[in-house]
Amino acid sequence: MKQALIFLVACFAGISCCSAQKTDTVKHYFIISAGDKINAYFNDKPLSVESVSDFNAYVQANAKSLKTSWVVVTGKPKTGTFDEVLKILNRYRIKQVSKNILTN
């Protein structure tokens, strides 16, 4: 009986120790409103990128963390900076991009 109790305690300690090694699975969000100017937010913090060149520099510098982020682009195709933003995200292989196309 004593050996079984020691075995159970050892198994429980091993399981709890191994499960504590899991990585954080929090997803990051990158929200972009592409109109005449670009308004971008990363994890609810506004970014100071208003032009296409500023946006390109930001994505280039942070491409590694953006690859695992959920990206939402809002705007109208063929107007403003919408198409350029999508090209930049595609160039740096940001995969989880969803488009929210405005009608008016």
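Worth saying up front: this structure is predicted, and the values here are computed from it rather than measured.

Undergrad: Lay out the nonpolar core with the relevant residues and their values.
TA: In terms of nonpolar packing, the biggest core is built from 21 residues, with Phe 30, Ile 32, Phe 55, Val 59, Val 73, Val 85 and Leu 89 touching the most fellow members. Elements that contribute at least two residues to this core include exactly strand E1 (29-34), strand E2 (38-42), helix H2 (52-61), helix H3 (63-66), strand E4 (70-75) and helix H4 (82-91). Top contributing element to this core by residue count: H4, with five residues. Excluding its chain neighbours within four sequence positions, the residues that come into contact with Phe 55 are Phe 30, Ile 32, Ile 38, Val 49, Val 85, Ile 88 and Leu 89.

Undergrad: An account of the packing of aromatic side chains is requested, with residue identities and associated values reported.
TA: In the structure shown here, the tally under the stated rule is three aromatic pairs. With a centroid separation of 6.0 Å and 70 degrees between ring planes, the pair formed by Phe 30 and Phe 42 is classed as edge-to-face. Of this pair, Phe 30 sits in strand E1 while Phe 42 sits in strand E2, placing them 12 residues apart in sequence. Summarising the aromatic geometry, the rings of Phe 30 and Phe 55 are spaced 6.1 Å apart at their centres and angled 0 degrees between planes, so their arrangement reads as stacked. In this pair, Phe 30 is assigned in strand E1 and Phe 55 in helix H2, connecting sequence segments 25 residues apart.

Undergrad: An account of unusual backbone geometry is needed here, citing residue identities and associated values.
TA: Phi angles above zero are rare outside glycine, and Asn 43 is one such case at about 55 degrees. One can find Asn 43 in the loop between E2 and strand E3 (45-47). For Arg 93, which is not glycine, the phi torsion reads 60 degrees and is therefore positive. One can find Arg 93 in the loop between H4 and strand E5 (97-101). For Arg 93, a relative accessible area of 60% gives the class exposed.

Undergrad: Describe the sheet that holds E2, with residues and values.
TA: Strand order across the open sheet formed by five strands is E3-E2-E1-E4-E5, with mixed pairing between neighbours. Unpaired on one side and paired on the other, E3 and E5 mark the two borders of the sheet. Here the strands of the sheet are splayed against their neighbours by 20 degrees on average, with no regard to which way each runs. In this structure, E4 lies alongside E5, joined through five bridges in parallel fashion. Within the sheet, the bridge partner assigned to Thr 74 lies in E5 and is Asn 100. Relative to E4, H4 is tilted by about 160 degrees, and along the sheet it contacts E1, E2, E4 and E5.

The rules we used
- The numbers attached to residues start from 1 for each chain and follow its sequence in the written order.
- Local features are withheld for residues below a pLDDT of 70 in this predicted model, meaning they are given only at 70 or higher, and side-chain atom pairs are given and counted only at 80 or more; totals for whole chains, interfaces and linings count all residues.
- The side-chain numbers reported here are obtained from all heavy atoms of the structure, hydrogens and water having been left aside.
- Each nonpolar core is a collection of buried residues, namely Ala, Val, Leu, Ile, Met, Phe, Trp, Tyr and Cys, held together in the definition by side-chain atoms within 4.5 Å.
- Whether a residue is buried, partly exposed or exposed follows from its accessible area with a 1.4 Å probe, protein chains only, as a fraction of its type maximum: under 20%, in between, or over 50%, in that order.
- Segments assigned H or I by DSSP are reported as helices when at least four residues long, segments assigned E as strands when at least two residues long, and all are numbered from the N terminus.
- Contact definition: two residues touch when any of their heavy atoms are within 4.5 Å.
- Classification of ring pairs uses Phe, Tyr and Trp, with its six-membered ring standing for Trp, and accepts pairs whose centres are within 6.5 Å; under 30 degrees between planes counts as stacked, over 60 as edge-to-face, and the remaining range as tilted.
- In this description, strands pair whenever DSSP reports at least two bridges between them.
- Axes here refer to lines fitted to C-alpha atoms; in helices the fit is confined to the stretch in contact. Angles between the N-to-C directions go from 0 to 180 degrees.

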